[in-house]
Amino acid sequence: MDRSLLPPDDIKPVARRFDVLGAPARLRLLSALHATGEQTVGELVEATGIRQSNVSKHLSLMAEEGLLARRRDGVHVYYALDDPTLGALCMLVSRRLREENGQ
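Figured I'd write up the structure that's included with this text. Keep in mind the model is a prediction, meaning the values are calculated, not measured. (Residues numbered from 1 in each chain as written. Predicted model: local features only at pLDDT ≥ 70, side-chain atom pairs only at ≥ 80, totals over all residues. Heavy atoms only, no water.)

Focus on the nonpolar core
Across soluble globular proteins, nonpolar side chains show a tendency to be buried alongside one another. Selection criterion: Among the buried residues, those of types Ala, Val, Leu, Ile, Met, Phe, Trp, Tyr and Cys that are joined through side-chain atoms within 4.5 Å form a nonpolar core. Summary of the burial criterion: residues with accessible area below 20% of their type's maximum are buried, those above 50% are exposed, and those between are partly exposed, where the area comes from a 1.4 Å probe applied to protein chains only. Helix and strand definitions here come from DSSP, where helices need a minimum of 4 consecutive H or I residues and strands a minimum of 2 consecutive E residues; each element is numbered from the N-terminal end. Here, residues are in contact when the closest pair of their heavy atoms is within 4.5 Å.
Within the largest apolar cluster, 19 residues are counted, with the highest numbers of intra-cluster contacts made by L59, M62 and L68. Of all the elements in the fold, those that place two or more residues in this core are helix 1 (11-21), helix 2 (24-36), helix 3 (41-48), helix 4 (52-64) and strand 3 (76-81). Counting residues per element, this core draws most heavily on helix 2, at 5 residues. Once residues lying within four places of it in the same chain are set aside, the contact partners of L59 are L29, L33, V41, L44, L68 and Y79.

Describing the packing of helix 2 against helix 3
The condition is simple: Axis definition: a line fitted to C-alpha atoms, limited for helices to the stretch in contact. Angles are taken between N-to-C directions and run from 0 to 180 degrees. Any angle that is under 35 degrees is reported as roughly parallel, and any over 145 degrees as roughly antiparallel; angles of 65 to 115 degrees are reported as roughly perpendicular and all others as oblique. Each residue gets one of three labels, nonpolar for Ala, Val, Leu, Ile, Met, Phe, Trp, Tyr, Cys and Pro, charged for Asp, Glu, Lys and Arg, and polar for the others, Gly among them.
Between helix 2 and helix 3, whose axes approach to 10 Å, the crossing angle comes to 110 degrees. Considering their axes alone, helix 2 and helix 3 lie roughly perpendicular with respect to each other. Seen from helix 2, the contacting residues are R28, L29, A32 and L33; seen from helix 3, they are L44, A47 and T48. When the residues that make up the contact of helix 2 with helix 3 are grouped by side-chain class, the tally is 5 nonpolar, 1 polar and 1 charged.

Brief notes about the sheet that holds strand 1 (residues 39-40)
Rules: Being paired, for any two strands, means DSSP has found at least two bridges between them.
Spatially, 1-3-2 is the arrangement adopted by the 3 strands of the open sheet, whose pairing is antiparallel. Edge positions in the sheet fall to strand 1 and strand 2 (68-73), since each of these pairs with one other strand and no more. Summarising the sheet, strand 2 and strand 3 pair through 6 bridges and their orientation is antiparallel. Looking at the pairing, D73 lines up with H76 of strand 3. Lying over the sheet, helix 4 contacts strand 2 and strand 3, oriented at roughly 115 degrees with respect to strand 2.

Here's the deal with the pairing of strand 3
Here 2 bridges tie strand 1 to strand 3, and the two strands are oriented antiparallel to one another. Counterpart to T40 in the pairing with strand 3 is Y78. Between the antiparallel neighbours strand 2 and strand 3 lie 2 residues, among them G74 with a positive phi of about 65 degrees.

These values are about where atoms sit, not about what they do.
This is the structure:
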């Protein structure tokens, strides 16, 4: 019986997804989008305190990875979560880390 954690063909894509999620700034942006829904770059800059150029770079990468949806309305581009597993994944890891730390 195969008890592999992941099918061999899934290892690189899963590693890529975890790599993208591994940056604290990206997790802050995802958290802000989860909390309030669709937002522009400017709104995310204000919500997170991350510089506009970095916000744009991180959002573009996450959209290319399939984590975010983009919608243009005039001069504004709106971003929203586009992976329904993100909230559960982040909460699961966070809960486990708090348990390990006795919180």
